[in-house]
Amino acid sequence: RYRYIRAPKEELYDLSADPRELASVATERAQVRGALSAALDRLTAGAGAATPSAISDEDRKKLAALGYVGLQTPSA
């Protein structure tokens, strides 16, 4: 029934009343917002970012042509 968006300003939409997600009800439905935030915390607990998989030179060239591959600098 709800769509919760975790962002600097949390958003919550009541999809049954507002299917186009035009008006956030995050303030009015603080209990629902809190429950969904906690559920998201439990779902993502311990999950880290996945290590990117290797791609072929051909795919790298295609991505570079689209602007998705740039210069990388080593991290400290």
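Participant: I would appreciate a short explanation of the overall build of the protein in the present structure.
Facilitator: Within the protein, the secondary structure is distributed over two helices and two strands. In terms of overall dimensions, the protein is more spread out than a globule: its C-alpha atoms have a radius of gyration of 19 Å, far above the 11 Å expected for 76 residues. By its C-alpha atoms, the protein is 50 × 30 × 20 Å across when sized along the principal axes. Across the 76 residues in the protein, those meeting the buried criterion constitute 11%. Counting only carbon and sulfur atoms, one obtains 54% of the accessible surface of the protein, whose full area is about 6600 Å². Measuring between centres, the 11 positive side-chain charges of the protein sit 2 Å from its 10 negative side-chain charges.

Participant: Hey, could you run me through unusual backbone geometry in this one?
Facilitator: A negative phi angle characterises most non-glycine residues, just as the trans form characterises most peptide bonds. One non-glycine residue with positive phi stands out, namely glutamate 21, at about 55 degrees. By the element assignment, glutamate 21 lies in the loop between strand E2 (11–14) and helix H1 (30–44).

Participant: Teacher, can you tell me more about the side chain of aspartate 18 here?
Facilitator: Relative to the helices and strands, aspartate 18 is located in the loop between E2 and H1. With no salt bridge to any partner, buried aspartate 18 finds its closest opposite charge in arginine 20, at an N-O distance of 6.8 Å. Those residues in contact with aspartate 18, other than ones at most four positions away along the chain, are Tyr13 and Ala23.

Participant: I keep staring at the pattern of salt bridges and nothing clicks. Help me out?
Facilitator: All told, the structure shown has five salt bridges when counted by the stated rule. Across the pair glutamate 58 and lysine 62 runs a salt bridge, and its minimum N-O distance is 3.3 Å. Here glutamate 58 pairs with lysine 62, and both are found in helix H2 (residues 57–65), just four residues apart, close to one helical turn. Residue lysine 62 is classed as partly exposed on the basis of its relative accessible area, which comes to 48%.

Participant: I would appreciate a short explanation of the environment of tyrosine 2 in the present structure.
Facilitator: Counting through the fold element by element, tyrosine 2 comes out in strand E1 (residues 2–5). Its relative accessible area of 24% is what places tyrosine 2 among the partly exposed residues. Taking the C-alpha atoms as reference, tyrosine 2 lies 12 Å from alanine 23; in sequence the two are 21 residues apart. If sequence neighbours within four positions are ignored, tyrosine 2 has contacts with Leu12, Tyr13, Asp14, Leu15, Arg29, Val32 and Leu36.

About the thresholds
Residues numbered from 1 in each chain as written. Predicted model: local features only at pLDDT ≥ 70, side-chain atom pairs only at ≥ 80, totals over all residues. Heavy atoms only, no water. Helix = DSSP H or I, 4+ residues; strand = E, 2+ residues; numbered from the N terminus. Rg over C-alpha atoms; globule rule 2.2 N^0.38 Å. Buried < 20%, exposed > 50% of the residue type's maximum accessible area, 1.4 Å probe, protein only. Areas by Shrake-Rupley, 256 points an atom, 1.4 Å probe, with all protein chains shown as cover. Lys, Arg positive; Asp, Glu negative; His and termini not counted. Charge placed at Lys NZ, Arg CZ, Asp CG, Glu CD. Salt bridge = Lys/Arg side-chain N within 4 Å of Asp/Glu carboxyl O. Contact = heavy atoms within 4.5 Å.

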